[in-house]
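Summary of structural features
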Amino acid sequence: MPKEFHSLIPLDEARSIVLQHLPVARTTRVPLSRAADFILADKIVSTIDVPGFSRASMDGFAVIAQDTIDAREDRPVSLSLVGRVSMGRLPEIEISSGEAAEVSTGSMIPRGADAVVMIEHSQAQGDIVQVRRPVYASENIQAAGSDISFGETLLYPGTLLQPREIGVLAALGCQEVTVRMLKVGVASTGDELAPPGENLAAGQIYDINTYTIAAAVADCGARALPYGILPDEKQAMAGALHKMTGECDLILVSGSTSAGAGDMIYRVMEEMGELIFHGINLKPGKPTIFGLIDGKPCLGLPGYPTSALTVFSCLAAPAIRAALGRSHRWRSAAGRLAGPVRTEGRRQKLAVGLSGDLVYPVDKGSGSITTLAGADGIIDIPAGVEFLEEGTPVSVELFAEREPDSNTLIVAGENSVLLEKQAESRPGCLRLLYAGPIQARIYLEEGVADLACVWGLDRPWQGTEIIWSGEMEMGLLFREREDLSHLADISLAGWQRDSSLKSAFEVALQERGIASPRFVRSAKTHRAVAAAVASGRADAGYAEKEAAEEAGLGFEFLARNRISLLARNESLEDSRIRSLLQALSEKEA
């Protein structure tokens, strides 16, 4: 007698059960050359400045800016050419007033020079350089640490390492990186299956699920270990599953999950471990099973390819991402039905295609290969709905995992330790785009950013609302308190030119009678200022109290500064923004 399904449970309950039995990811070190598509395990904080020296950003001549102040096209200024700085070499010359040195893009700036005259605005004749246009101090020079500052947090745990992240790690000199690894065993069952490349016997078909599911596993950031086709024989299947649990963290097996006489994986699971559920009230996906074998989670997927991939996206993908420390994000596209759809009344994941904003069913039955090939994704039809009219708005859950992520909230503007901590605790949900208030406003108005973070704003910009604000204690960070008694003589960590904190620091110094402070570096983040002071790269700096406490530095209070988050008026109900506001309110509480 065929065995009946255990009681069918709702999809949401099944997902909750799977997430309560997550596989345990491990960490390992991998060479940077092989780190692509792994999940970062550690926070990456820069231990160097990038660039590590001030360098020319244009071909031309390194000069003292004051020497060029009178230069004009018709009245060029003549400077003595005292040498040339080769690429990748330490300059052997020093520039004095009235002198210039030839430099190339990327070469070090010789001591004494504070600007570069572009070659287009100058002309060398023997040992004389004619300068036809004035330059200001720091023009055409990329300062040390202006790209990446020592102590700056660049990447957070849970980040998927793609080409841009690999580039950042290379720029920091990382030869290896610590990543999270999850080994997922993937197998199919069924005597009717044959591996691709073999000749098909009568009644056989090629194994599809091993390859589609393995690819989907890799797309989630885990390592898929294909075990091929398991035999439909009880003892042999038990031996294969035991081997998989010994080598993997999560087991995914498709086929042999139904309640028919020839389907046995649930029987093997009952005998080897614990069968937690068998059967979901979902179409397709009714015969899905889940349990533990040798303490490892094992998910049995339906045998039909579209059903297997659908259940994978509903249950396995969220579990894999959660185990790796990544938030699971449903890739979706809005559309409207191109025609009416009839259903059976129980919850259904219907395979659909997309043409512009038109959504049309491609479901020819869960066993159809063309269903899988033609589907862009699925739509979720709730239980109890038997008919959807033409033009009904729907959301398509996309199969493609590489679509741009519309669920990441982009915050442009000034740095805040509070927001950095939110980015750390919400991997993949928050991206911080550091910019001054002017550029932050542009990003917000153009839709590049969802929020702008601004210090010291009195009222919102036109078309925006201040959705959150808070006061932060700002002051001087130091290693030795006595250094503060002679601020004019010590080295200071300042802020980049477009930051409002740059002017705030300079005003604070002017109030102490310091008109020409000795800034040795500029930072983009409070933690980078603190790291510069803690490491001895600067004697003091200006940043949040929290950054000083994290770095074990002294702190002298100067002012309470207000930081504000602004959103466009039409974005106030954005669920991502509401989620961030909830997190911020919980932090304050």
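In what follows, the accompanying structure is described. Sequence positions are assigned chain by chain, starting from 1 and proceeding in written order. Reporting in this predicted model follows two pLDDT cut-offs: at least 70 for local features of residues, and 80 or more for side-chain atom pairs to be given and counted; totals over whole chains, interfaces and linings ignore these cut-offs and use all residues. Only hydrogens and water are removed before side-chain values are computed, so all heavy atoms of the structure are retained for them.

Examining the pattern of salt bridges
Only one rule defines a salt bridge in this text: a Lys or Arg side-chain nitrogen within 4 Å of an Asp or Glu carboxyl oxygen. Taken as a whole, this structure holds 35 salt bridges when the rule is applied. Salt-bridge contacts for Glu 165 lead to Arg 164; the nearest nitrogen and oxygen are separated by 3.0 Å. Of the residues examined, Arg 164 reaches a relative accessible area of 58% and is grouped as exposed. Close ionic contact of Glu 556 with Arg 481 constitutes a salt bridge, the shortest N to O distance being 3.2 Å. In this pair, Glu 556 sits in strand β36 (residues 554-568) while Arg 481 sits in the loop between β32 (464-478) and β33 (491-495), placing the two residues 75 residues apart along the sequence. Note on classification: 1.4 Å probe, protein chains only; a residue is buried when its accessible area is under 20% of the maximum for its type, exposed when over 50%, partly exposed between these limits. Looking at Arg 481, the relative accessible area reads 46%, which means it is partly exposed. Shared partners join several salt bridges into a network, and the residues in it are Lys 43, Glu 420, Lys 421, Glu 424, Arg 527, Glu 546 and Glu 550. Only DSSP runs of H or I reaching four residues or more are called helices, and only runs of E reaching two or more are called strands; each is numbered from the N terminus.

Details of the sheet that holds strand β2 (residues 39-40)
Think of a sheet as strands paired side by side through backbone hydrogen bonds, with each pair either parallel or antiparallel. Across the sheet, which stays open at both edges, the 3 strands sit in the order β1-β13-β2 with antiparallel pairing between neighbours. The open sheet terminates on both sides in strands that have one partner only, identified here as β1 (26-31) and β2. A strand pair is defined by DSSP finding two or more bridges across the two strands. The sheet contact formed by β2 and strand β13 (residues 176-181) spans 2 bridges and is antiparallel. Within β13, the residue paired with Leu 40 across the bridge is Val 179.

Focus on helix α4 (residues 234-247)
With 14 residues, α4 ought to run about 20 Å at 1.5 Å a step, and its terminal C-alpha atoms sit 20 Å apart, in line with that. Looking at α4, one finds that the buried residues are Met 237, Ala 238, Ala 240, Leu 241, Met 244 and Thr 245. End-on, the buried residues of α4 take up no more than an arc of 165°, which puts them together on one face. Turned more than 90 degrees away from the buried face of α4, the exposed residues are Gln 235 and Gly 246. Tucked into the core, α4 has its buried residues touching β14 (183-189), β17 (223-230), β18 (250-254), α5 (265-272), β20 (289-293) and β21 (296-301). Polar contact criterion, stated in full: a pair of N or O atoms within 3.5 Å, where within protein one must be able to donate a hydrogen and the other to accept it, and residues adjacent in sequence count only if both atoms are side-chain atoms. Measuring from the side-chain oxygen of the N-cap residue of α4 to the backbone nitrogen of Gln 235 gives 3.3 Å; that N-cap residue is Glu 233. What a helix should span is 1.5 Å times the count of its residues minus one. Starting at the helix axis, one direction is taken to each C-beta atom, and the arc is that of these directions. Two residues qualify as a contact provided that any one of their heavy atoms is within 4.5 Å of a heavy atom in the partner residue.

A word on the nonpolar core
Side chains that are nonpolar tend, in soluble globular proteins, to be buried together. We define the nonpolar core as a collection of buried residues of types Ala, Val, Leu, Ile, Met, Phe, Trp, Tyr and Cys that are connected through side-chain atoms lying within 4.5 Å of one another. Judged by nonpolar contacts, the single largest core of 48 residues is most densely connected at Val 411, Leu 451, Leu 487 and Leu 565. Top contributing element to this core by residue count: β32, with 6 residues. Among all residues touching Val 411, those that are not within four sequence positions of it are Leu 419, Leu 430, Arg 431, Leu 432, Leu 433, Leu 451, Cys 453 and Leu 565. Formed by 40 residues, the second largest nonpolar core is a distinct cluster that contains Val 217, Ala 222, Phe 277 and Ala 375.

Notes on the packing of α4 against α5
Comment: axis = line fitted to C-alpha atoms, over the contacting stretch for helices; angle = value between 0 and 180 degrees taken between N-to-C directions. Two elements in contact, α4 and α5, have axes separated by 10 Å at closest approach and are oriented at 60°. Note that α4 runs across α5; the crossing there is right-handed. Judged by residue contacts, Lys 234, Met 237, Ala 238, Leu 241 and His 242 of α4 engage Ile 265, Val 268, Glu 271 and Met 272 from α5. Residues are sorted three ways: Asp, Glu, Lys and Arg are charged, Ala, Val, Leu, Ile, Met, Phe, Trp, Tyr, Cys and Pro are nonpolar, and all the rest, Gly among them, are polar. In terms of residue class, the contact of α4 with α5 is made up of 6 nonpolar, 1 polar and 2 charged. In this scheme the crossing of two helices becomes right-handed for a clockwise turn of the near helix relative to the far one and left-handed for an anticlockwise turn of less than a right angle.

Here we look at the pairing of β21
Buried residues dominate β21, accounting for 5 of its 6 residues. With 5 bridges connecting them, β20 and β21 associate as antiparallel partners. Bridging from a neighbouring strand, Ile 289 pairs with Gly 300 of β21. In this structure, the hairpin formed by β20 and β21 is closed by a connection of 2 residues, where Asp 294 is found at a positive phi of approximately 55°.

Remarks on the packing of helix α3 (residues 209-219) against helix α6 (residues 305-323)
One way to put it is that α3 packs onto α6 with a least axis distance of 10 Å and a crossing angle of 25°. In terms of axis orientation, α3 runs roughly parallel to α6. Of the two elements, α3 crosses α6, and the hand of that crossing is right-handed. Across the interface between the two elements, Asn 209, Ile 213, Ala 216, Val 217 and Asp 219 of α3 pack against Pro 305, Ala 308, Leu 309, Phe 312, Ile 320 and Arg 321 of α6. For classification, angles of less than 35 degrees are called roughly parallel, those exceeding 145 degrees roughly antiparallel, those between 65 and 115 degrees roughly perpendicular, and all remaining angles oblique.

Focus on the side chain of Ser 499
On the secondary structure map, Ser 499 appears in the loop between β33 and α10 (500-511). Within the structure, the side chain of Ser 499 is placed 3.0 Å from the side chain of Glu 414, a separation counted as a polar contact.

As for the sheet that holds strand β8 (residues 115-118)
Reading across the sheet, the 6 strands line up as β8-β5-β7-β6-β10-β9 and stay open at both edges, with mixed pairing between neighbours. Each end of this open sheet is capped by a strand with a single partner; those strands are β8 and β9 (122-125). Looking at each pair of strands side by side, their axes are set apart by 40° on average, direction ignored.

Examining unusual backbone geometry
With an omega of -5°, the peptide bond running from Val 50 to Pro 51 counts as cis. Tracing the backbone through its elements, the reader meets Pro 51 in the loop between β3 (44-45) and β4 (55-56). Here the bond from Lys 283 into Pro 284 is cis, since omega is -10°, no more than 30 degrees from zero. Note that Pro 284 resides in the loop between β19 (273-278) and β20. A positive phi angle, near 75°, is found at Asp 37, a position not held by glycine. Inspection of the secondary structure puts Asp 37 in the loop between β1 and β2. When its relative accessible area of 38% is taken as the criterion, Asp 37 is described as partly exposed. Its identity as a non-glycine residue notwithstanding, Asp 294 has a phi of 55°, on the positive side. Note on placement: Asp 294 falls in the loop between β20 and β21.

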